[in-house]
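Coordinate inspection notes
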Amino acid sequence: MTRENLMEKIVSLAKRRGFVFPSSEIYGGFAAVYDYGHYGTLLKNNIRDAWWEHMVQLRDDMVGLDSAIFMHPTTWVASGHVGSFDDPQIDCRKCKARMRADQVLELYGISADKAPLDFINVELNKLRELGKLACQSCGAKDITPAKRFSLMVKSNLGSPTEALSEENVVYLRPETCGGIYLEYKNTLDSTRVKLPFGIAQIGKAFRNEVVARQFIFRTREFEQMEMQYFLHPKDMKEKYDMWKDIRWNWYLEYGLTKDDLKWYKHEKLAHYASEAYDIEYNFKLLGGFKEVEGIHARGDWDLSQHSKFSGVDLSYFDGETKERFIPHIMETSAGLNRIFLMFLDKAYNEEEINGEKRVVLKFDKRLAPVKVAVFPLLANKPQLVEKAKGIFEDLRQNFMCEFDDNGNVGKRYRRQDEIGTPYCVTVDFQSLEDDTITVRDRDTMKQERIAIKELADYFKKQLED
Ligand code: GAP
């Protein structure tokens with residue numbers, strides 16, 4: 001199966017089965033924005049909860065935050081985003097396709113990640129003179145010079161649209177960590193945390209991406225799961241290595257293998273960073289390793305800048321050593337939607353069973369949108385339906401469950417396989433006699449007979465171990 005073919009199949013399954021819909025479809029769509037349907041929402045929430053459990057619930061050195069999307073506009077001046085959060089854009093004059101110049105240069109073997117505009121234009125000119133620079137969509141050789149394209153999304157909160165100018169503009173946050181820096185002092189004052197400690201937050205971020213293709217990999221509205229760890233600079237190396245291990249192992253815990261993942265070390269760093277690694281996943285549908293999470297040592301840049309621009313002292317006083325200093329920060333920054341796509345990519349399997357094709361999403365059971373589906377063998381036998389409904393009502397008190405009496409059992413299995421449900425329970429005629437049912441396992445397709453009274457404990461063990 002080719003990469004394009006797989007992408008098509010996964011995009012189609014995601015829509016058909018209610019995982020992901022293109023936004024505003026009835027109005028012709030809205031580029032690079034997506035909605036999550038019932039099963040997509042369940043999967044996304046399970047991934048989010050798995051991150052939160054490991055990052056906050058199970059740790060003594062972590063507290064949570066849910067800061068607003070709108071923030072004081074000076075936040076983004078202080079952070080450097082207003083001045084320099086942009087990508088180099090080029091356009092095809094013939095078909096109007098918009099491209100990222102650094103990504104186009106990459107195709108010609110020229111590394112231009114975070115390179116200055118002058119360098120990019122010199123390299124583009126060299127290709128132009130050789131007659132090699134061509135549009136990625138139509139092949140025309142009429143390409144504009146590169147210009148800076150700001151990724152910041154502006155709004156006119158509290159002022160009329162016509163008055164949208166640099167003085168009264170507000171921004172939709174381009175990353176969630178901005179809120180963490182602004183609430184660092186309130187968090188310190190209101191909880192009992194001491195350095196080193198972290199603040200974790202999950203929420204929406206917005207970027208006016210130049211090129212936003214590849215389904216939900218790169219979108220203009222997305223969610224981040226970010227953690228900022230505040231520490232004394234002498235601890236940076238130790239904690240950086242610690243967090244690299246913790247985050248790597250989180251992926252292994254949820255079903256990825258070491259071969260699925262790799263580290264990418266950034267050689268060109270942002271001016272404030274001393275170290276930056278990405279965790280990359282080998283996406284089958286994108287044809288290679290791509291970033292899902294960044295782990296960055298940010299020094300004292302963030303708190304120093306916000307101290308300077310706000311005039312508020314954000315230093316930390318260590319009661320034991322009597323030392324006062326601006327804490328340094330290391331962050332782990334993961335994209336929830338990208339990790340969603342990663343789990344979808346990893347889970348997607350096509351198998352041939354007795355000459356018939358089955359599509360099955362083999363999610364880790366804890367992440368699966370629905371844990372148990374309950375069926376009566378026949379929909380037109382009231383005794384079977386009633387018994388199945390009773391089991392469904394009991395089980396749904398503990399797990400996300402589904403009742404299904406549409407079509408025949410084979411069809412129901414296919415549907416549950418396509419949404420990744422690990423277990424299907426069928427109530428048959430024997431159930432009426434001895435209070436047992438069959439449990440079918442998604443991955444092995446084996447069926448087991450189990451007493452109804454033991455079902456809740458059985459699933460607790462299977463799903464929570
Ligand atoms: N605070 C640091 C930060 O935001 P980043 O590398 O720009 O770092 C972190 O973003 C993660 O957010 C990425 O690894 C990716 O998973 C996700 N991400 C970034 N831009 C995205 C986009 N346009 N669409 C979907 N996910 C995105």
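Keep in mind the model is a prediction, meaning the values are calculated, not measured.

This part covers the overall build of the protein chain. Secondary structure assignment for the protein chain yields 15 helices and 23 strands. When the backbone C-alpha atoms are referred to their principal axes, the protein chain occupies close to 75 × 65 × 50 Å. Here the protein chain holds 465 residues, and the buried ones make up 51% of them. Long-range contacts, defined here as pairs at least 24 residues apart, represent 65% of the contacts in the protein chain between residues at least 6 apart. As displayed, the protein chain has an accessible area near 22,600 Å², and 49% of this comes from carbon and sulfur atoms.

For the structure shown, the criterion picks out 38 salt bridges. Salt-bridge contacts for K44 lead to E223; the nearest nitrogen and oxygen are separated by 2.6 Å. Residue K44 is located in helix α2 (residues 38-57), and its partner E223 is located in strand β10 (residues 221-231); the two are separated by 179 residues in the primary sequence. Accessibility expressed as a relative area gives 11% for K44, which makes it buried.

Structurally, D61 is set in the loop between α2 and β3 (62-65). A polar atom in the side chain of D61 sits 2.7 Å from the side chain of R59. Excluding its chain neighbours within four sequence positions, the residues that come into contact with D61 are P196, F197, G198 and Y229.

Quick look at a nonpolar patch on the surface now. Where nonpolar side chains cluster on the molecular surface, the patch consists of L377, L378, F429 and L432 and spans about 290 Å² of accessible area. Under the relative-accessibility criterion, L432 is labelled partly exposed at 33%.

Okay, the sheet that holds strand β23 (residues 447-451) next. Pairing is mixed in the open sheet, where five strands are placed in the order β20-β19-β21-β22-β23. The two strands at the open ends of the sheet, each matched to only one other strand, are β20 (401-403) and β23. Averaged over neighbouring strand pairs, the angle between their axes works out to 25 degrees when direction is ignored. Of the strand pairs in this sheet, strand β19 (residues 372-376) and β20 are connected by three bridges, and their pairing is parallel.

In this fold, N125 is placed in helix α6 (residues 117-129). On the basis of relative accessible area, N125 is assigned to the partly exposed category, the value being 36%. Sequence spacing of N125 and P145 is 20 residues, and the spatial spacing of their C-alpha atoms is 8.3 Å.

For the pair α2 and helix α9 (residues 236-253), interaxial distance at closest approach is 12 Å and the crossing angle is 140 degrees. Between α2 and α9, the interaxial angle falls into the category oblique. Crossing of α2 against α9: the hand is right-handed. Contacts from I47, A50, W51, H54 and M55 of α2 reach α9 at W243, R247, W250 and E253.

Another point: the site of the ligand. Surveying the vicinity of the ligand reveals 20 residues, the closest of which are E175, E209, T219, E226 and E291. Within the contact set of the ligand, an oxygen atom lies 3.0 Å away from a side-chain nitrogen or oxygen of Q224. At 2.9 Å from an oxygen atom of the ligand is found a main-chain nitrogen or oxygen belonging to V292. Within the complex, the protein chains bury 91% of what would otherwise be the 560 Å² of accessible surface of the ligand. At the level of secondary structure, the elements contributing two or more residues to the shell around the ligand comprise β10, β13 (288-299) and β16 (328-335). Sorting elements by how many residues they give to the shell around the ligand places β13 first, with six residues. Class assignment for the residues of the shell around the ligand results in four nonpolar, six polar and 10 charged.

The periodicity of an α-helix, 3.6 residues per turn, causes residues three or four places apart in sequence to face the same way. When the terminal C-alpha atoms of α6 are compared, their 18 Å separation across 13 residues agrees well with the 18 Å that a helix rising 1.5 Å per residue should span. Those residues of α6 that sit buried are I120, N121, E123, L124 and L127. For α6, the arc enclosing every buried residue in end-on projection is 165 degrees, short of the 170-degree limit, so these residues lie on one face. Looking at α6, the residues exposed on the side facing more than 90 degrees away from the buried face are D118 and E129. Buried residues along α6 sit against β4 (86-91) and α5 (101-107). Looking one or two residues beyond α6, the residue adopting positive phi is G131, at roughly 75 degrees.

The next thing to look at is the sheet that holds strand β6 (residues 147-150). Taken in spatial order, the three strands make up an open sheet running β5-β4-β6, and their pairing is antiparallel. The open sheet terminates on both sides in strands that have one partner only, identified here as β5 (98-100) and β6. Strand-to-strand, the axes of this sheet are offset by a mean angle of 50 degrees, without reference to chain direction. Two strands pair when backbone bridges link them, and β4 and β6 are joined in this way by four bridges, in the antiparallel orientation. By the bridge assignment, D86 is partnered in β6 with S150.

Rules and cut-offs
Residues numbered from 1 in each chain as written. Predicted model: local features only at pLDDT ≥ 70, side-chain atom pairs only at ≥ 80, totals over all residues. Heavy atoms only, no water. Helix = DSSP H or I, 4+ residues; strand = E, 2+ residues; numbered from the N terminus. Buried < 20%, exposed > 50% of the residue type's maximum accessible area, 1.4 Å probe, protein only. Contact = heavy atoms within 4.5 Å. Areas by Shrake-Rupley, 256 points an atom, 1.4 Å probe, with all protein chains shown as cover. Salt bridge = Lys/Arg side-chain N within 4 Å of Asp/Glu carboxyl O. Polar contact = N/O pair within 3.5 Å; in protein donor to acceptor, adjacent residues only side chain to side chain. Patch = residues over 30% accessible without salt bridge, like charges linked within 9 Å, V, L, I, M, F, W, Y side chains within 5 Å. Pairing = 2+ DSSP bridges. Axes fitted to C-alpha atoms, helices over the stretch in contact; angles between N-to-C directions. Parallel < 35°, antiparallel > 145°, perpendicular 65-115°, else oblique. Left-handed = near helix turned anticlockwise from the far one by under 90°. Near = heavy atom within 4 Å. Nonpolar A, V, L, I, M, F, W, Y, C, P; charged D, E, K, R; others polar. Expected span 1.5 Å × (residues − 1). Arc of directions from axis to C-beta.

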